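# Architecture at a glance
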Amino acid sequence: MERILIYTGNFYADTIQVRRTLESRDIHFFVEDEHAAALGYGAATGGIKIFVRKEDFTKAVKAFLADQVISEEEAQAALEGWE
């Protein structure tokens, strides 16, 4: 299963809306380096990383747009070449 990085952030609080959006649409996601960020090492590890399955990428971007997590321009840039 191939994963696509869809979000990075240095603080747990920054990931809440992203997680809610994915969970509400039943989009499976993976979180990396969450605990390092909680200990204050988030920037050193590249931040908290949220991945989705490759086949869910388009659905996730459209969900972010619908929930106003990203702008129309950001969604278009992300989907360019995917659809």
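Heads up: these notes are all about the structure in this document. (Residues numbered from 1 in each chain as written. Predicted model: local features only at pLDDT ≥ 70, side-chain atom pairs only at ≥ 80, totals over all residues. Heavy atoms only, no water.)

The number of helices and strands found in the protein is four helices and three strands. For the protein, the α and β elements follow one another from N to C terminus as β-α-β-α-β-α-α. Taking as baseline every contact in the protein between residues at least 6 positions apart, the subset at least 24 positions apart corresponds to 61%. Of the roughly 5,300 Å² that the protein leaves accessible, carbon and sulfur atoms contribute 49%. (Helix = DSSP H or I, 4+ residues; strand = E, 2+ residues; numbered from the N terminus. Contact = heavy atoms within 4.5 Å. Areas by Shrake-Rupley, 256 points an atom, 1.4 Å probe, with all protein chains shown as cover.)

Below, the discussion takes up helix α1 (residues 12–24). An α-helical turn contains 3.6 residues, so any two residues separated by three or four positions project in the same direction. Helix length check: α1 (13 residues) gives 18 Å between terminal C-alpha atoms against 18 Å at 1.5 Å per residue, within 8%. At Val 18, α1 shows its maximal bend, which comes to roughly 25°. All of the buried residues in α1 are Thr 15, Val 18, Arg 19, Thr 21 and Leu 22. Among the residues trailing α1, Asp 26 stands out with phi positive, at a value near 55°. (Expected span 1.5 Å × (residues − 1). Bend = angle between axes of the 7 residues up to and from the residue. Buried < 20%, exposed > 50% of the residue type's maximum accessible area, 1.4 Å probe, protein only.)

Moving on: unusual backbone geometry. Positive phi values are uncommon outside glycine, yet Asp 26 reaches one of about 55°. Within the secondary structure layout, Asp 26 lies in the loop between α1 and β2 (29–32). Look at Gln 68: it is not a glycine, yet its phi comes out positive at around 60°. The class of Gln 68 is exposed, set by a relative accessible area of 72%.

The full count for this structure, using the stated rule, is zero aromatic pairs. Its end group placed over the ring of Phe 30, Arg 3 keeps NZ or CZ at 5.2 Å from the ring centre. Here the guanidinium or amino end of Arg 3 rests over the ring plane of Phe 51, the centre of that ring lying 4.6 Å away. (Phe/Tyr/Trp six-rings, centres within 6.5 Å; stacked < 30°, edge-to-face > 60°. Lys NZ or Arg CZ within 6 Å of the ring centre and 35° of its normal.)

With antiparallel pairing, three strands are arranged side by side in an open sheet as β1-β3-β2. Of all strands in the sheet, those bounded by a partner on one side alone are β1 (3–9) and β2. Between one strand and the next, the sheet's axes are offset by a mean angle of 25°, whatever the strand orientation. For β1 and strand β3 (residues 48–53), the ladder comprises six bridges, and the chain directions are antiparallel. Within β3, the position partnered with Ile 4 by the bridge is Val 52. (Pairing = 2+ DSSP bridges. Axes fitted to C-alpha atoms, helices over the stretch in contact; angles between N-to-C directions.)

One finds Ile 6, Leu 22, Val 52 and Phe 57 to be the most contacted residues of the largest nonpolar core, which totals 15 residues. At the level of elements, β1, α1, β3, α3 (57–66) and α4 (72–79) are the ones that each hand at least two residues to this core. The dominant element in this core, judged by the number of residues it contributes, is α3, at five residues. (Core = buried A, V, L, I, M, F, W, Y, C linked by side-chain atoms within 4.5 Å.)

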